[in-house]
Amino acid sequence: MSMASLKILIVDDQASTRTLMAEILQELGHSNISEAKNGHAGLIVLNQASDSSRPFSLIFIDIHMPIMGGIELLKELRNQPIYEKTPVIMVTTESERELILDAIRLKANDYIVKPFNREILEQKIKNVFSNLQE
């Protein structure tokens, strides 16, 4: 799969984080980007995509969100055959180390600590996909 053809979902309750991440991803050549403002909305978007047989190929999930948090969304994803192996990068603040460990136990592929920049985002994406090929 070409990196430019990735179908990416950003799930974060902060509009500014979603916008920044989408702008960086577009700078990196990604154009198929969707957003959701919490885990529940993200689950709806993910299910609609899987029903259309064009599931997401990379998902960024903020850990701390209202309605449905990132850990709960990750659990839901890993229970769906279509998303059980889809790369997931958790987005967090430094103070949420225990939650990051929970996410790794639930098979999150990596994590990004806020604030992040283009270089960090690009490196995390490359790492996740190179690890999948090993």
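Everything below is about the structure printed above this text.
Residues numbered from 1 in each chain as written. Predicted model: local features only at pLDDT ≥ 70, side-chain atom pairs only at ≥ 80, totals over all residues. Heavy atoms only, no water.

A look at the packing of helix 1 (residues 15-27) against helix 5 (residues 118-133)
Moving on, step 1. Contact pair helix 1 / helix 5: the axes reach a minimum separation of 10 Å and the direction vectors enclose 70 degrees. Compared by their axis directions, helix 1 and helix 5 come out roughly perpendicular. As for the relative orientation of helix 1 and helix 5, their crossing is right-handed in sense. Counting all contacts with helix 1, which are made through M21, I24, L25 and E27, the residues of helix 5 involved are R118, L121 and I125. (Axes fitted to C-alpha atoms, helices over the stretch in contact; angles between N-to-C directions. Helix = DSSP H or I, 4+ residues; strand = E, 2+ residues; numbered from the N terminus. Parallel < 35°, antiparallel > 145°, perpendicular 65-115°, else oblique. Left-handed = near helix turned anticlockwise from the far one by under 90°. Contact = heavy atoms within 4.5 Å.)

Observations concerning helix 3 (residues 70-78)
Moving on, step 1. Within helix 3, the full set of buried residues consists of G70, I71, L73, L74, L77 and R78. Along the axis of helix 3, the buried residues cluster in a sector spanning 160 degrees; they form a single face.
Moving on, step 2. Here the buried face of helix 3 lies against strand 1 (7-11), helix 2 (39-51), strand 3 (58-62), strand 4 (88-92) and helix 4 (97-105). (Buried < 20%, exposed > 50% of the residue type's maximum accessible area, 1.4 Å probe, protein only. Arc of directions from axis to C-beta.)

A look at the nonpolar core
Moving on, step 1. In this structure, L46, I59, I61, L73, L77 and M90 are the most contacted members of the largest nonpolar core, which totals 22 residues.
Moving on, step 2. If you list the elements that add at least two residues to this core, you get strand 1, helix 2, strand 3, helix 3, strand 4 and helix 4.
Moving on, step 3. Residue contacts for L73: discarding those within four places in its chain leaves V11, G39, L43, L46, I61 and M68.
Moving on, step 4. In terms of nonpolar packing, the next biggest core, distinct from the first, is built from 18 residues, M21, A22, L58 and L121 among them. (Core = buried A, V, L, I, M, F, W, Y, C linked by side-chain atoms within 4.5 Å.)

Considering the packing of aromatic side chains
Moving on, step 1. As enumerated under the stated definition, the model contains zero aromatic pairs in all.
Moving on, step 2. One cation-aromatic arrangement involves K124 over Y111; the distance from NZ or CZ to the ring centre is 5.1 Å. (Phe/Tyr/Trp six-rings, centres within 6.5 Å; stacked < 30°, edge-to-face > 60°. Lys NZ or Arg CZ within 6 Å of the ring centre and 35° of its normal.)

Quick word on the pattern of salt bridges
Moving on, step 1. Scanning the entire structure with this criterion turns up eight salt bridges.
Moving on, step 2. Notably, a salt bridge pairs E122 with K126, separated by 3.7 Å at the nearest N-O pair. In this pair, E122 and K126 are both assigned in helix 5, four residues apart and thus about one turn of the helix distant.
Moving on, step 3. Accessibility expressed as a relative area gives 27% for E122, which makes it partly exposed. (Salt bridge = Lys/Arg side-chain N within 4 Å of Asp/Glu carboxyl O.)

Regarding helix 1
Moving on, step 1. For helix 1, with 13 residues, the first-to-last C-alpha span of 18 Å sits near the 18 Å given by 1.5 Å per residue.
Moving on, step 2. Among all positions in helix 1, only T17, R18, M21, A22, I24 and L25 are buried. For helix 1, the angular spread of buried residues about the axis comes to 165 degrees, placing them on one side. In helix 1, those exposed residues whose orientation departs by more than 90 degrees from the buried face are S16 and E27. (Expected span 1.5 Å × (residues − 1).)

Looking at the sheet that holds strand 3
Moving on, step 1. What the five strands build is an open sheet, ordered 2-1-3-4-5; its pairing is parallel. With one partner strand each, in any of the chains shown, strand 2 (32-36) and strand 5 (110-113) form the two edges of the open sheet. Neighbour-to-neighbour, the strand axes of this sheet turn through a mean angle of 20 degrees, independent of strand direction.
Moving on, step 2. Where helix 1 meets the sheet, its contacts fall on strand 1, strand 2, strand 3 and strand 4, and the angle it forms with strand 2 comes to roughly 175 degrees. (Pairing = 2+ DSSP bridges.)

Comments concerning the packing of helix 2 against helix 3
Moving on, step 1. Packing of helix 2 against helix 3 leaves a shortest axis separation of 9 Å and a crossing angle of 25 degrees. Taken together, the axes of helix 2 and helix 3 are roughly parallel relative to one another. Here the hand of the crossing between helix 2 and helix 3 comes out right-handed. For the pair helix 2 and helix 3, the contacting residues are G39, L43 and L46 in the first and L73, E76 and L77 in the second.
Moving on, step 2. Residues belonging to the contact of helix 2 with helix 3 are distributed by class as follows: four nonpolar, one polar and one charged. (Nonpolar A, V, L, I, M, F, W, Y, C, P; charged D, E, K, R; others polar.)

Honestly, that's just the spatial picture; any functional story needs more than this.
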